[in-house]
Amino acid sequence: TADGKHRIVSTAMRGRTIDAPYLPNNSSLKNESTWEGRLWRYDYVNRRLDGEIFASNGEQAHLLACPWDPETLFWANYKHACLYAMRRDGTGLRSWFIDDPHAHAGHYSWDPANRAIVTLISNPNDSWTTTVARIGLDGGAIHHFQSVRLPGGQWHLNASPDGRQIVMDRGPVTFGGGNGLCLLDTATDTVKPLCRIDSSWGLVDEQGGGVKCEWFHPNPVWTPDGRHVVFHTDNGTKQARTWMVEVGGIPD
């Protein structure tokens, strides 16, 4: 947590059904109907596990602690196909998209400058067409950006330290037959290319099946000063490396 007092840990295992089989928007991404997902709080001051603070069916995935508010936790649940936020003491549970069969939230990251989360939202009923949105953590309002609407599922995104740009490793621009990083200007809702990277994105096994490898996912992130973006790419060589690109600022 932001004050350094607690570490929040998520666990998942096969087990009994905790909550009702509530799954209005099952994407078939994972079958978690018999998974138990829990959040635990470890107390650094007293060096002890405080215990379980949340439990439900499904995996409590991609758990994040809010960088500006030590009370706020944020995570996804594949079974419920939604996003959750909660206070670290287990109170104040909120959710987004749990009742929307056309919205499956995916990759997301903090946008501290706007006290928000930026997230991808896919529609399982429309070729997994994916859009970008910002969710304000104070009031929970959702702002949908209109310049990004792509079929085929999820990629990765990250908000700049000043909140004025979102870097993405996929976008509505071309790179001469390859692929690259894009920048979404959050003020004008427009997208421009940043650089070509030609990432392979994954591997195949001896039978031609896909093999997931995070080293081949660019996963771009900003440096704290907002001047550079750091990312992975193999440039089509199957030899993954970490790279850095300088980013020009948005004129005032």
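Scroll up a little and you will see the structure.
In this text, all values refer to a predicted model and were calculated from it rather than measured experimentally. (Residues numbered from 1 in each chain as written. Predicted model: local features only at pLDDT ≥ 70, side-chain atom pairs only at ≥ 80, totals over all residues. Heavy atoms only, no water.)

Caption draft 1: Expanded view of the overall build of the protein. What the protein contains, in helices and strands, is 0 helices and 20 strands. Rg of the C-alpha trace for the protein: 19 Å, near the compact-globule value of 18 Å for 252 residues, within the 12% margin. Residues classed as buried in the protein amount to 44% of the 252 residues present. Within the protein, contacts between residues at least 6 apart in sequence are counted, and of these 41% link residues at least 24 apart. Accessible surface, the protein as shown: approximately 12,600 Å² in total, 51% of it carbon and sulfur. In the protein, 24 positive and 28 negative side-chain charges are present, and the distance between their average locations comes to 3 Å. (Helix = DSSP H or I, 4+ residues; strand = E, 2+ residues; numbered from the N terminus. Rg over C-alpha atoms; globule rule 2.2 N^0.38 Å. Buried < 20%, exposed > 50% of the residue type's maximum accessible area, 1.4 Å probe, protein only. Contact = heavy atoms within 4.5 Å. Areas by Shrake-Rupley, 256 points an atom, 1.4 Å probe, with all protein chains shown as cover. Lys, Arg positive; Asp, Glu negative; His and termini not counted. Charge placed at Lys NZ, Arg CZ, Asp CG, Glu CD.)

Caption draft 2: Highlighting the nonpolar core. Membership of the largest hydrophobic core comes to 26 residues, with the highest contact counts inside it found for Phe74, Trp75, Leu83 and Phe97. Counting only elements with at least two residues in this core, the list comes to strand 3 (48-57), strand 5 (72-77), strand 6 (82-87), strand 8 (104-111), strand 9 (116-123) and strand 10 (129-136). Looking at which element gives the most residues to this core, the answer is strand 6, with 5 residues. Not counting residues within four places of it along the chain, the set of residues in contact with Leu83 comprises Phe74, Trp75, Ala76, Arg94, Ser95, Trp96, Phe97, Ala105, Tyr108, Thr119 and Ile135. Residues Phe145, Val148, Leu157 and Ile166 belong to the second largest nonpolar core, which totals 14 residues. (Core = buried A, V, L, I, M, F, W, Y, C linked by side-chain atoms within 4.5 Å.)

Caption draft 3: The sheet that holds strand 18 (residues 221-222), seen in detail. As summarised here, the arrangement of the 3 strands in space is 18-19-20, forming an open sheet in which the pairing is antiparallel. The open sheet is flanked by strand 18 and strand 20 (241-246), the only strands paired with a single partner. As defined by bridge partners, strand 19 (residues 228-233) adjoins strand 20 across 6 bridges and the pair is classed as antiparallel. In the sheet register, Thr233 faces strand 20, and the bridge partner there is Arg241. (Pairing = 2+ DSSP bridges.)

Caption draft 4: A look at the pattern of salt bridges. The full count for this structure, using the stated rule, is 10 salt bridges. Arg38 is the partner of Glu52 in a salt bridge, and the nearest nitrogen-oxygen pair spans 2.6 Å. Taken as a pair, Glu52 in strand 3 and Arg38 in strand 2 (residues 35-43) lie far apart in primary sequence, 14 residues in all. When the shortest N-O distance is used, the salt bridge between Arg88 and Glu71 registers 3.1 Å. Taken as a pair, Arg88 in the loop between strand 6 and strand 7 (94-96) and Glu71 in the loop between strand 4 (60-65) and strand 5 lie far apart in primary sequence, 17 residues in all. Overall, Arg88 belongs to the buried group, its relative accessible area being 9%. Put simply, Asp3, Glu71, Arg87 and Arg88 are held in one network by salt bridges that share partners. (Salt bridge = Lys/Arg side-chain N within 4 Å of Asp/Glu carboxyl O.)

Caption draft 5: A look at unusual backbone geometry. We note that His62 has phi near 55°; this positive angle belongs to a residue other than glycine. Checked against the element boundaries, His62 lands in strand 4. A relative accessible area of 45% places His62 in the partly exposed class. With a phi close to 70°, Trp201 is a non-glycine residue in the positive phi region. Looking at the secondary structure, you find Trp201 in the loop between strand 15 (190-196) and strand 16 (203-204).

Caption draft 6: Region of interest: the pairing of strand 2. Extensive coverage of strand 2 is indicated by the burial of 7 of its 9 residues. Inspection of the sheet shows strand 2 paired to strand 3 by 8 bridges, in the antiparallel sense. Each bridged residue has a counterpart across the sheet, and for Arg38 the counterpart in strand 3 is Ala55. In this structure, the hairpin formed by strand 2 and strand 3 is closed by a connection of 4 residues, where Arg47 is found at a positive phi of approximately 55°.

Caption draft 7: Layout of the environment of Asp89. Relative to the helices and strands, Asp89 is located in the loop between strand 6 and strand 7. Each C-alpha atom, one on Asp89 and one on Thr72, is 9.3 Å from the other, the two residues being 17 residues apart in sequence. Side chain to side chain, Asp89 and Thr91 meet in a polar contact 2.7 Å long. (Polar contact = N/O pair within 3.5 Å; in protein donor to acceptor, adjacent residues only side chain to side chain.)

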